[in-house]
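Topology and contacts: notes
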Amino acid sequence: MAKILDGKALAAIVKQEVKEEIAGLGIVPGLAVVIVGDDAASRVYVNNKKRDCVDCGIKGEEFALAADAGQERLLELIHELNARPDIHGILVQMPLPRGFCEQSVIAAIAPEKDVDAFTMENVGRIMNGDYELAPCTPAGVMAILDHYGIDPAGKHCVVVGRSNIVGKPMAMLLLHRHATVTICHSRTPNLSEITRQADILVSAVGKIGLITADMVKPEAIVVDVAINRNTDTGKLCGDVDFEGVRAVASHITPVPGGVGPMTRAVLMQNTLIAARRC
Ligand code: GUN
């Protein structure tokens, strides 16, 4: 039976460390959290992030725009936040409603305040292995692996999903740690043939039941990044058939309580990094 990789417990440790460092910083870090529209999942994520800010001693300020506010208003807001000295980090919750251009919005964020590491400058830095700000979810996965003494060096890591937010940067962070990395996606034929080769399998697709026990090599480490809502039970779950895979893997992250809390803990770390640099 696989050992549970407890992201919730680790997030509490990381947040405590951030809180203690902030106490000695001499300034209060400010994080602007921008939400556009009324997506229910985004609302939950934003509320959780604001709560984390309170826990850590960060001034989290929410900026809520209506779904029809328009791209120009959003860009204007970002420019205002870029210019504010009391705001050290800016996060625009994704996805944006229809009609917004996410790439242009990201491009408007000052790279030094880009606590998601989504801007071209920060993406380029990650590509080159020269970065302080790493995207929160992949960095959260790396922190979980490190905490449990799992070294990716020399391991075959298979990342399922190629999003800019998770899949692609996840592959880069693993590569920088000397893993052999394969990225799979919706057009990968024979997905299970490849996932079965993984020493570390990271799934970031958003499809319930995608990863079943027969797709996992015995004693593999399985990291489930997805957060899906099961419409039958109303409960949160990932991509991985947790009970089935648990019987095969050596380590597994649960959903909820795995990667999700670490994503938010890294956001707090990144806000501290951004505040320290000013
Ligand atoms: N939507 C889903 N994950 C993320 C994230 O890490 N950052 C932002 N800004 N939006 C998201």
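Let me begin by describing the structure that accompanies this report. (Residues numbered from 1 in each chain as written. Predicted model: local features only at pLDDT ≥ 70, side-chain atom pairs only at ≥ 80, totals over all residues. Heavy atoms only, no water.)

A few points about the overall build of the protein chain
Looking only at helices and strands, the protein chain features 10 helices and 11 strands. Counting every position in the protein chain, which comprises 278 residues, the buried fraction comes to 50%. Split by element, the accessible area of the protein chain, about 12,800 Å² in all, is 53% carbon and sulfur. (Helix = DSSP H or I, 4+ residues; strand = E, 2+ residues; numbered from the N terminus. Buried < 20%, exposed > 50% of the residue type's maximum accessible area, 1.4 Å probe, protein only. Areas by Shrake-Rupley, 256 points an atom, 1.4 Å probe, with all protein chains shown as cover.)

Some points on the pattern of salt bridges
Within the structure shown, the criterion is met by 16 salt bridges. For Arg73, the salt bridge goes to Glu80, with nearest N and O atoms at 3.9 Å. Classification of Glu80 as partly exposed rests on a relative accessible area of 42%. Salt bridges sharing common partners tie together Lys15, Asp52, Asp55 and Arg264. (Salt bridge = Lys/Arg side-chain N within 4 Å of Asp/Glu carboxyl O.)

A short note on the site of the ligand
In the vicinity of the ligand, the contacting residues are Leu91, Val92, Gln93, Met94, Asp116 and Phe118. One nitrogen or oxygen atom from the main chain of Met94 is found 2.9 Å from a nitrogen atom belonging to the ligand. Considered class by class, the residues forming the shell around the ligand number four nonpolar, one polar and one charged. (Near = heavy atom within 4 Å. Polar contact = N/O pair within 3.5 Å; in protein donor to acceptor, adjacent residues only side chain to side chain. Nonpolar A, V, L, I, M, F, W, Y, C, P; charged D, E, K, R; others polar.)

As for helix H6 (residues 136–147)
Between its first and last C-alpha, H6 extends 16 Å over 12 residues, near the 16 Å set by a 1.5 Å rise per residue. In terms of burial, H6 is a largely internal element, nine of the 12 residues being buried. Considered for burial, the residues of H6 that qualify are Cys136, Thr137, Pro138, Ala139, Gly140, Val141, Met142, Ile144 and Leu145. Tucked into the core, H6 has its buried residues touching helix H1 (7–23), helix H7 (167–176), strand E7 (200–203), strand E8 (221–224) and helix H10 (259–276). Downstream of H6 by a residue or two, Gly149 has a phi angle that is positive, lying close to 70°. (Expected span 1.5 Å × (residues − 1). Contact = heavy atoms within 4.5 Å.)

Some thoughts on the environment of Thr180
Secondary-structure assignment places Thr180 in strand E6 (residues 180–184). Considered as a pair, Thr180 and Asp199 are 19 residues apart in the sequence and their alpha carbons are 9.9 Å apart.

Some words on the side chain of Thr253
Following the sequence through the fold, Thr253 ends up in the loop between strand E11 (251–252) and H10. Assessed through its relative accessible area of 1%, Thr253 is described here as buried. In this structure the side chain of Thr253 is engaged in a polar contact, spanning 2.8 Å, whose partner is the backbone nitrogen of Asp224. When sequence neighbours within four positions are dropped, the list of residues in contact with Thr253 reads Leu5, Val222, Val223, Asp224, Phe242, Gly258 and Val259.

Side note on a nonpolar patch on the surface
A contiguous nonpolar patch, built from Val44, Tyr45, Ile227 and Leu236 and spanning about 290 Å² of accessible area, is present on the exposed surface. Tracing the backbone shows Val44 in helix H2 (residues 40–56). (Patch = residues over 30% accessible without salt bridge, like charges linked within 9 Å, V, L, I, M, F, W, Y side chains within 5 Å.)

Digging into the sheet that holds strand E2 (residues 30–36)
The pairing of strands in a sheet happens through backbone hydrogen bonds and is either parallel or antiparallel. With respect to topology, three strands assemble into an open sheet ordered E3-E2-E4, the strand pairing being parallel. Strands with a single pairing partner mark the edges of an open sheet, and in this sheet they are strand E3 (59–65) and strand E4 (89–92). The sheet shows a mean angle of 20° between the axes of neighbouring strands, taken without regard to direction. As paired elements, E2 and E4 share four bridges and run parallel to each other. Its bridge partner lying in E4, Val33 is registered against Leu91. (Pairing = 2+ DSSP bridges. Axes fitted to C-alpha atoms, helices over the stretch in contact; angles between N-to-C directions.)

Brief notes about unusual backbone geometry
Cis geometry is adopted by the peptide bond preceding Pro95, which originates at Met94 and carries an omega value of 0°. The residue Pro95 is located in the loop between E4 and helix H4 (102–108) in this model. The step from Val255 to Pro256 runs through a cis peptide bond, and the omega angle for that step is 0°. Among the secondary structure elements, Pro256 is positioned in the loop between E11 and H10. Even without being glycine, Ala117 reaches a positive phi, approximately 60°. Inspection of the secondary structure puts Ala117 in the loop between H4 and helix H5 (120–128). On the basis of relative accessibility, which here comes to 2%, the residue Ala117 falls in the buried class. For Glu219, which is not glycine, the phi dihedral falls at a positive 75°. Along the chain, Glu219 turns up in the loop between E7 and E8. The exposure class assigned to Glu219 is exposed, which follows from its relative accessible area of 57%.

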